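Coordinates in review
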Amino acid sequence: MKRLFVLALGIVMLTCGMAFAATEFKMAYTGPADEENNGLHLYAVNFKKFVEEGTKGEITVKLFPDSQLGNEEERIELMSKQGMNQPLFNLASFAGIAPVFPEIYASAVPFMFDSYKAAHYFFDEGEYWAKAKEEFQKRSSIVLLEAVEEGGFLAFTNNKKEIKSPKDFKNLKFRGMDEGQVALFEAFGASGTPIPWTEIYMALKTGVVDGQMNPAVYVKMGSLYEVQDYLTLANIQYSDQFLVANGDMWNSFSPETREIITEAAKKANALNRVAMEEQDAAYVQSLVDKGMKAYAPNPEEMDSFRNIGQPAFAKWLSDKMSKEWIDLALESAKVANEKAKE
């Protein structure tokens, strides 16, 4: 009987060990398998390539675009909930990370970054990001690997007048994607109304709202240039999503394999950064060619946006997290902006 028990235990242990012995791992993300129009797919394709090259084919990555493995919340569950734990890489948005770690929103305080280079320093070397990765893994067992650039900075658009400073918002009506955006517009003297993306074109066309904020790619994709005349390039928020890895899967890798995957994540992001910034500039030019008037605020005007917008957004965040996280993100952004000037 004892011998049978030992044999059974050995089979169970072998089976458990085999759970992550397979060389093929899944990678899930949102949007179509379109490298030109979906930055997440571009990233996934390059990440897969670098992982497979780096491990000499010992590890392969199978891509699952278009939320094939579930929506944001379901994919996080697949990675963390006991009994559903799957060997999975996932590109998660703020909506995917925030239920476990709402402090991720501190990285989206408006007007934090003067440039793409500053945003890169923030996520590559910043104190906030190092602490965020550590805390997220502690709470969820999921490993946060990289902040993936997937679009340009958000910009303001409207059909009433050129916006150069917060005072130009007075009495205008804006679509707010969430309560944080509504708080921002109200601080500027405008009103904010939550409207789904699918309804935004008609809301702008019929005057329900006068403006909205999104990266240039979404302005073009939604044909909003047909109902918006002015584009303000105010570096509102950096557009990114987050590469996360299942903790059990990650722990099953050797230190050498983890290093290869970490490097693959960074190399793929370096390519994304170049592609997304070139694409954003092209989209802005395309909108100008279609008749929109683009304006980039000068440093003094950016300070006026920052001085009013950041406290309003931070007040909204204060119900979701301690002030310590907000202050750390702002300080890390300040350091990053200075480094970017060097």
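Anyway, here's the lowdown on the structure attached to this text.

Analysis parameters
- Residues numbered from 1 in each chain as written.
- Predicted model: local features only at pLDDT ≥ 70, side-chain atom pairs only at ≥ 80, totals over all residues.
- Heavy atoms only, no water.
- Phe/Tyr/Trp six-rings, centres within 6.5 Å; stacked < 30°, edge-to-face > 60°.
- Helix = DSSP H or I, 4+ residues; strand = E, 2+ residues; numbered from the N terminus.
- Buried < 20%, exposed > 50% of the residue type's maximum accessible area, 1.4 Å probe, protein only.
- Core = buried A, V, L, I, M, F, W, Y, C linked by side-chain atoms within 4.5 Å.
- Contact = heavy atoms within 4.5 Å.
- Polar contact = N/O pair within 3.5 Å; in protein donor to acceptor, adjacent residues only side chain to side chain.
- Arc of directions from axis to C-beta.
- Salt bridge = Lys/Arg side-chain N within 4 Å of Asp/Glu carboxyl O.

**So, the packing of aromatic side chains**
Taken as a whole and judged by the stated rule, the model has 35 aromatic pairs. Centroid distance F111 to F305: 5.5 Å. Interplanar angle 25°. Geometry classified as stacked. Highlighted residues: F111 in the loop between α4 (94-97) and α5 (116-125) and F305 in helix α12 (residues 299-317), separated in sequence by 194 residues. Judged by relative accessible area, F305 falls into the buried class, the value being 0%. Measuring from ring centre to ring centre gives 6.5 Å for F113 and F123, while their planes differ by 55°; the resulting arrangement is tilted.

**Some remarks on the nonpolar core**
Counting residues in hydrophobic clusters, the biggest one holds 47 residues, and the most contacted among them are I104, F113, F122, Y128 and W129. For this core, the element with the most residues is helix α13 (residues 323-341), which contributes seven residues. Setting aside residues no more than four positions away along its own chain, I104 makes contact with F94, I97, A98, Y128, W129 and F242. Membership of the second largest hydrophobic core comes to 25 residues, among which are L91, L145, V148 and L243.

**Remarks on the side chain of E72**
Structurally, the position occupied by E72 is in helix α3 (residues 72-80). By relative accessible area, E72 is classed as buried at 12%. A polar contact of 2.8 Å, which involves the side chain of E72, links it to the side chain of S93. Setting aside anything within four residues of it in sequence, one finds E72 in contact with T30, A92, S93, A95, G96 and Q241.

**Section: α3**
Buried residues of α3: E72, R75, I76, L78 and M79, and no others. One face of α3 carries all of its buried residues, which in axial projection span an arc of 155°. The elements touched by buried residues of α3 are β1 (24-28), β3 (88-92), α4 and β10 (240-245). Residue N71 occupies the N-cap position of α3, its side-chain oxygen lying 3.2 Å from the main-chain nitrogen of E73.

**Side note on the pattern of salt bridges**
All told, the structure shown has 15 salt bridges when counted by the stated rule. Notably, a salt bridge pairs E135 with R139, separated by 2.8 Å at the nearest N-O pair. A residue pair is termed a helical-turn pair when its members lie 3 or 4 positions apart in one helix, as E135 and R139 do in helix α6 (residues 127-140) at four residues. K266 is the salt-bridge partner of E146, the closest N and O atoms lying 3.5 Å from each other. Taken together, the residues E146 in strand β4 (residues 143-149) and K266 in helix α11 (residues 255-289) connect sequence positions 120 residues apart. Note on E146: relative accessible area 5%, which makes it buried. Residues joined by salt bridges that share partners form a network here, namely E103, E135, K138 and R139.

**Let's talk about the environment of T157**
The topology assignment puts T157 in strand β5 (residues 155-158). Given a relative accessible area of 1%, T157 falls into the buried group. Here the alpha-carbon distance between T157 and A336, two residues 179 residues apart in the chain, equals 27 Å. Ignoring sequence-local partners within four residues, the contact set of T157 consists of F174, D210, G211, Q212, V219, Q228, Y230, L231 and M292. Among the polar contacts listed, one links the side chain of T157 to the side chain of Q212, at a separation of 2.9 Å.

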